[in-house]
Amino acid sequence: VTDQIRLWEMEGERVVTSNGYLMKEFPSEKEYRDVVRYAEDVGVLVWKDDANRRFFINGIEQIQGFLKREAEKRKQRG
Amino acid sequence: MVKAVRGTLVKCDASIKAMLVDIDNRNNNDFIIEDLDEEHLLVKETKVATLKAQLNQMLKERLKDPEKEVSDAED
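Residues numbered from 1 in each chain as written. Chains lettered and ligands numbered in written order. Predicted model: local features only at pLDDT ≥ 70, side-chain atom pairs only at ≥ 80, totals over all residues. Heavy atoms only, no water.

**Q** Let's hear about the nonpolar core: which residues, and what values?
**A** If you look at the biggest cluster of nonpolar residues, it comprises 16 residues, and the most contacted ones within it are Val10, Ile16, Leu20, Val43 and Leu55 of chain B. Residue assignment for this core shows that the elements contributing at least two residues are strand E1 (3-12), helix H1 (14-25), strand E3 (40-43) and helix H2 (48-62) of chain B. Looking at this core element by element, the count peaks at five residues for H2 of chain B. Residue contacts for Val43 of chain B: discarding those within four places in its chain leaves Gly7, Thr8, Val10, Phe31, Ile32, Ile33, Val48 and Leu51 of chain B. With 15 residues, the next largest nonpolar core counts Met23, Phe26, Val36 and Phe66 of chain A among its residues. (Core = buried A, V, L, I, M, F, W, Y, C linked by side-chain atoms within 4.5 Å. Buried < 20%, exposed > 50% of the residue type's maximum accessible area, 1.4 Å probe, protein only. Helix = DSSP H or I, 4+ residues; strand = E, 2+ residues; numbered from the N terminus. Contact = heavy atoms within 4.5 Å.)

What follows is the structure in structure tokens.
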């Protein structure tokens, strides 16, 4: 029993998990930066990898709304 | 087009990550969706519990020898 507790604690310390979505394949650096900044502002950003333009979020509703609005803006600009 | 891939982000040190990749390899690569960097993996949500259990098993096996020493000392 003692061993089980020790192993669990050891794993708990060394492994952290969070559920959510990996966002990737941003067509431009600017679009990536805008969305990543927004994700950070609303507090859903968990991890990011600027070099490969990808990041992980633990909530997607706000980000989907933001992406939609950005797409609309681009459409209007033509 | 931007893609959103649902999953569980696993953050751990490099030695634990190597063990998780090893477990994935021995299970038809059915656990890991993407190897992100030295300390991060994207794993299928439905497989996290199994992966954790197998990691614990692996860690336990590694501790077998020290455990033996402890029980010997107690005797």
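**Q** Describe the packing of helix H2 (residues 29-41) of chain A against helix H3 (residues 61-77) of chain A, with residues and values.
**A** Residue and element names in this part refer to chain A. Orientation of H2 relative to H3, taken along the N-to-C sense of each, is 145°, at an axis distance of 10 Å. The hand of the H2/H3 crossing is right-handed. On the side of H2, the interface is formed by Glu31, Asp34, Val35, Tyr38 and Ala39, while H3 contributes Gln62, Ile63, Phe66, Leu67, Arg69, Glu70 and Arg74. (Axes fitted to C-alpha atoms, helices over the stretch in contact; angles between N-to-C directions. Left-handed = near helix turned anticlockwise from the far one by under 90°.)

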